[in-house]
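Fold and geometry: a report
Residue strings, one per chain:
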Amino acid sequence: PALLLADEPTGALDSATGEHILSLLLQLHRDSGATVVLITHDETLARRCPLRVRMRDGRVERMERGDA
């Protein structure tokens, strides 16, 4: 897909499976150029994404580059 929306894709998973899912999403982005919008409350997971958009009360609070 050109766009993939993932709402808390690792939220109910054990850490190993969550890591695997995140790796697959990042690989999809790198290999195909697909835009992956990942919604999470997990700061560690968010830091691994190439771009983070922090929202509060429905508004963009800030945008920053990640580690990926």
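Relevant structure appears above.
Since the model is a prediction, treat every value here as computed from it, not as a measurement.

Before going further, it helps to examine a nonpolar patch on the surface. On the surface, Leu-51, Val-53, Met-55, Val-60 and Met-63 cluster together into a nonpolar patch covering about 480 Å² of accessible area. Looking at the nonpolar patch, the elements that each hand over two or more residues are strand E3 (51-56) and strand E4 (59-65). For the nonpolar patch, the element with the highest residue contribution is E3, accounting for three residues. Looking at the secondary structure, you find Met-55 in strand E3. We classify Met-55 as exposed; its relative accessible area is 52%.

Our next topic: the pattern of salt bridges. Counting across every chain of the model gives five salt bridges. Measuring nitrogen to oxygen at the nearest pair gives 2.7 Å for the salt bridge that ties Glu-19 to Arg-48. Taken as a pair, Glu-19 in helix H1 (residues 15-32) and Arg-48 in the loop between helix H2 (43-47) and E3 lie far apart in primary sequence, 29 residues in all. Judged by relative accessible area, which is 36%, Glu-19 ranks as partly exposed. Residues Glu-43 and Arg-54 are paired through a salt bridge, measuring 3.0 Å at the closest nitrogen-oxygen approach. Highlighted residues: Glu-43 in helix H2 and Arg-54 in strand E3, separated in sequence by eleven residues.

Scoring rules and cut-offs
Residues numbered from 1 in each chain as written. Predicted model: local features only at pLDDT ≥ 70, side-chain atom pairs only at ≥ 80, totals over all residues. Heavy atoms only, no water. Patch = residues over 30% accessible without salt bridge, like charges linked within 9 Å, V, L, I, M, F, W, Y side chains within 5 Å. Areas by Shrake-Rupley, 256 points an atom, 1.4 Å probe, with all protein chains shown as cover. Salt bridge = Lys/Arg side-chain N within 4 Å of Asp/Glu carboxyl O. Helix = DSSP H or I, 4+ residues; strand = E, 2+ residues; numbered from the N terminus. Buried < 20%, exposed > 50% of the residue type's maximum accessible area, 1.4 Å probe, protein only.

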